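Structural overview
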Amino acid sequence: MTEPIKEEVRKTAEGKDAATPARLLFGVAVTVWVAAGVLTVVLLLVYWLIAR
């Protein structure tokens, strides 16, 4: 990573950046979206296997 990006990541990790809450919320949202997508795919696969 380049130095400016490292500095931004460091400030966010330490909670000293004004954008820390927004970045944290975005990270949580992405995690929930990925988990929901995986769960949906698994449930559709199970439904397809049972209904076949």
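This section reports on the structure supplied with the text. (Residues numbered from 1 in each chain as written. Predicted model: local features only at pLDDT ≥ 70, side-chain atom pairs only at ≥ 80, totals over all residues. Heavy atoms only, no water.)

1. Here's the deal with the packing of aromatic side chains
The geometry of an aromatic ring pair is captured by two quantities: the separation of the ring centres and the angle between the planes. On inspection of all chains with the given rule, the structure shows 0 aromatic pairs. The ring centre of W48 lies 5.1 Å from the NZ or CZ of R52, which sits over that ring. (Phe/Tyr/Trp six-rings, centres within 6.5 Å; stacked < 30°, edge-to-face > 60°. Lys NZ or Arg CZ within 6 Å of the ring centre and 35° of its normal.)

2. Comments concerning the pattern of salt bridges
Overall, the coordinates contain 5 salt bridges when judged by the stated rule. Put simply, R10 and E7 hold a salt bridge, and the shortest N to O gap is 2.8 Å. Here E7 and R10 lie together in helix α1 (residues 3–14), a separation of 3 residues that amounts to about one turn. On the accessibility criterion, R10 (37% relative accessible area) is partly exposed. The partner of K16 in a salt bridge is E14, with the nearest N and O atoms 3.6 Å apart. Overall, the relative accessible area of 46% leaves E14 in the partly exposed class. The network of salt bridges with shared partners includes E8, K11, D17 and R23. (Salt bridge = Lys/Arg side-chain N within 4 Å of Asp/Glu carboxyl O. Helix = DSSP H or I, 4+ residues; strand = E, 2+ residues; numbered from the N terminus. Buried < 20%, exposed > 50% of the residue type's maximum accessible area, 1.4 Å probe, protein only.)

3. Here we look at a nonpolar patch on the surface
Among the surface-exposed residues, L24, F26, V28, V30, V32, W33, V34, V38, V42, V46 and I50 lie close enough to one another that they form a single nonpolar patch of about 1100 Å² accessible area. Positionally, I50 belongs in helix α2 (residues 20–51). (Patch = residues over 30% accessible without salt bridge, like charges linked within 9 Å, V, L, I, M, F, W, Y side chains within 5 Å. Areas by Shrake-Rupley, 256 points an atom, 1.4 Å probe, with all protein chains shown as cover.)

4. Some words on the side chain of D17
Along the chain, D17 turns up in the loop between α1 and α2. For D17, a relative accessible area of 15% translates into the label buried. Among residues more than four places away in sequence, those in contact with D17 are E8, K11, T12 and R23. (Contact = heavy atoms within 4.5 Å.)

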